[in-house]
Amino acid sequence: MRILIVTAGSRGDVAPYTGLGRRLLAAGHEVAVAAHPPFAGLVGGCGLDHLPLPGDPRELIRTRARAASWEETRAAMAAFLDRLADGVVAAADGADLVLTAFGPAALSRAAGEAYGIPVIGTYLAPACATREFPLAGPTGGDDLGPDGNLAAGRKLLADAGALQAGAVAGLRTRLGLPTAASQQTGADIRPVFHGFSPLVVPRPADWPSGVEVAGYWWPARPRGWRPPPELVDFLQAGPPPVFIGFGSMAPGEGDRLGELVTAAVARAGVRAVVQTGWAGLAAAGDDVLTVGDLPHDWLFPHMAAVVHHAGAGTTGAGLRAGVPAVPVPAMADQPFWATRLHRLGVAPRPLPLDALTAESLATAITTCLTNPALGRRAAELAEAVATEDGAAAVLTHIGVVGRG
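Summarised in this report is the structure supplied together with it. Computed from a predicted model, the values in this text were never measured in an experiment.

Brief notes about the sheet that holds strand β7 (residues 211–213)
Then, in step 1: Spatially, the seven strands line up as an open sheet ordered β3-β2-β1-β4-β5-β6-β7, and their pairing is parallel. Because the sheet does not close on itself, it has two edges, and the strands there are β3 (49–52) and β7. Across the sheet, the axes of successive neighbouring strands diverge by a mean angle of 25°, strand direction being ignored.
Then, in step 2: Along the sheet, helix α4 (residues 70–92) contacts β1 (2–6), β2 (30–35), β3 and β4 (97–100); its crossing angle with β1, the most-contacted strand, is approximately 165°.
Then, in step 3: In the packing of helix α5 (residues 105–115) onto the sheet, contacts are made with β1, β4 and β5 (119–123), and the angle to β5 comes to roughly 165°.

Side note on the packing of α4 against helix α6 (residues 145–174)
Then, in step 1: As a packed pair, α4 and α6 sit with axes 9 Å apart at the nearest point and diverge in direction by 35°. Where α4 crosses over α6, the handedness of that crossing is right-handed. Judged by residue contacts, W70, R74, M77, L81, D82, A85, D86 and V89 of α4 engage A162, L163, Q164, A167, L171 and R174 from α6.

Here's the deal with empty space enclosed by the protein
Then, in step 1: Taken as a whole and assessed by the stated rule, the structure comprises three cavities of 30 Å³ or more.
Then, in step 2: Considering only enclosed or pocket space, the largest cavity measures out at about 90 Å³ in volume.
Then, in step 3: Taken together, P16, L124, G195, Y216, W217, W218, P219, A312, G313, G316 and A317 form the lining of the largest cavity.
Then, in step 4: Ranked by the residues each element gives to the lining of the largest cavity, the list is headed by helix α10 (residues 312–321), at four residues.
Then, in step 5: Looking at the lining of the largest cavity, its residues break down into eight nonpolar, three polar and no charged.

Criteria and thresholds
Residues numbered from 1 in each chain as written. Predicted model: local features only at pLDDT ≥ 70, side-chain atom pairs only at ≥ 80, totals over all residues. Heavy atoms only, no water. Pairing = 2+ DSSP bridges. Helix = DSSP H or I, 4+ residues; strand = E, 2+ residues; numbered from the N terminus. Axes fitted to C-alpha atoms, helices over the stretch in contact; angles between N-to-C directions. Contact = heavy atoms within 4.5 Å. Left-handed = near helix turned anticlockwise from the far one by under 90°. 1 Å grid on protein atoms, 1.4 Å probe; cavity = no way out; pocket = protein on both sides within 12 Å on 5 of 7 lines; lining within 4 Å. Points joined across faces, edges and corners; volume = space filled by probe spheres on them. Nonpolar A, V, L, I, M, F, W, Y, C, P; charged D, E, K, R; others polar.

Here it is, written out as structure tokens:
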């Protein structure tokens with residue numbers, strides 16, 4: 001089959017699908033990943049075809065940070081989504097099957113309807129309201145009680161649908177499709193497979209049939225990749241360092257965060273590998289090495305602890321490595337995953353990025369390195385997660401679709 005994977009957003013929204021895509025490729029399918037142009041190298045380096053989606057998510061994050069009002073933010077999002085919609089339709093032309101991330105799911109669904117292509121939801125965070133926990137949104141994963149959790153989840157999905165309503169309606173008009181009877185959201189697609197471990201988020205008992213928790217889709221490592229010699233030398237020159245990186249968060253705040261991280265590393269008395277990310281983060285010191293994008297599956301097992309923004313992909317990579325974490329969430333699903341890490345016993349309490357200080361970061365790093373219970377729990381969970389095959393359920397279903 002010709003399978004298209006549609007995803008939009010930052011690197012963490014793309015990397016897990018390279019692993020799923022490689023498994024599909026190995027099963028004999030043709031696989032393309034539709035993602036923003038900055039990720040062409042990531043996708044192509046993993047042996048998958050890349051189809052460009054319009055828009056720059058980095059600029060969208062900057063615009064949201066600079067916006068003086070919600071109306072300005074909404075206008076920027078609307079323009080971004082309109083362009084994205086046309087890109088999704090162009091990418092889907094000629095596919096036999098579409099796998100879609102949650103963000104562009106309503107757009108993927110419209111394209112699938114227009115072309116007569118089945119669409120499967122492949123989501124990295126919970127995307128169906130439940131009484132067991134609130135969805136990944138403003139509550140940050142704090143339990144609101146059964147009724148409160150369900151209401152919060154439904155509101156989050158309704159808000160997401162409302163934000164995309166104009167783009168979805170415009171796309172359906174351009175495609176000659178009838179007006180949708182109800183607001184379109186990714187939660188309405190069936191089947192849906194969630195790409196995280198049931199040991200991390202067990203499948204809620206009240207989720208409907210066809211909504212599953214499959215297990216992690218580990219990012220593929222680019223073919224021929226080798227660690228930079230300076231990184232290998234740094235790792236061999238002393239005890240395991242601490243990783244510090246905030247992914248796609250805080251673009252343009254590299255200088256401020258770099259000073260904060262430099263002070264925290266010195267205060268904690270640790271060696272550190274600092275990843276620049278979209279913030280342009282850099283820290284100074286003899287015991288600090290600044291690096292660019294690196295496969296976390298290789299890097300994290302060499303670390304004593306990992307400090308990160310608690311995006312879905314980075315959270316999974318840290319759990320896989322079996323090392324304790326310091327979650328520093330900023331937005332979207334990050335507070336949910338940060339709270340989950342703490343409740344799993346592999347991390348101290350989350351430190352929100354907008355309130356982060358050198359003192360609080362140094363204290364959390366020290367806790368990770370001196371509390372043996374965090375390390376033991378991280379190792380136990382990593383051993384259990386390693387037995388799972390998150391891609392298998394998706395491949396099995398696709399095999400049934402193909403035979404049909």
